[in-house]
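Structure at a glance
Residues per chain, in single letters:
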Amino acid sequence: MGRFQIPSTPPTINKTIRFPSDVVEDVEKAIQGKNCTFSAFVIAAVRAALEELHETDESSAR
């Protein structure tokens, strides 16, 4: 068995953004009853969008 290592928390930056009310409501409905925070959902969604953009950029560069 490997040695236990205390995980490090990645550095974060506080940003204030405004969401339309309907988007907030939709996100809150999507995460209701799940072990997920609003912030975690938004971070995952942004990462997915960025990955898709990178893939699209790579495809068009060929």
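You'll find the structure just up there.
One structure accompanies this document, and this report is about it. Predicted, not measured: the structure shown is a model, and the values here were computed from it.

Check the secondary structure of the chain and you find 2 helices and 0 strands. For the chain, whose C-alpha radius of gyration is 17 Å, the value lies well above the compact-globule estimate of 11 Å for 62 residues. Across its three principal directions, the C-alpha atoms of the chain cover 45 × 40 × 25 Å. Carbon and sulfur atoms make up 55% of the accessible area of the chain, which amounts to about 6300 Å² in all. Taking the average location of the 7 positive side-chain charges in the chain and that of its 9 negative ones, the two points are 10 Å from each other.

Summarising the element assignment, P20 is placed in the segment before α1 (21-31). We classify P20 as partly exposed; its relative accessible area is 46%. Placed 18 residues apart in sequence, P20 and G2 show a C-alpha to C-alpha distance of 46 Å.

Cut-offs and rules
Residues numbered from 1 in each chain as written. Predicted model: local features only at pLDDT ≥ 70, side-chain atom pairs only at ≥ 80, totals over all residues. Heavy atoms only, no water. Helix = DSSP H or I, 4+ residues; strand = E, 2+ residues; numbered from the N terminus. Rg over C-alpha atoms; globule rule 2.2 N^0.38 Å. Areas by Shrake-Rupley, 256 points an atom, 1.4 Å probe, with all protein chains shown as cover. Lys, Arg positive; Asp, Glu negative; His and termini not counted. Charge placed at Lys NZ, Arg CZ, Asp CG, Glu CD. Buried < 20%, exposed > 50% of the residue type's maximum accessible area, 1.4 Å probe, protein only.

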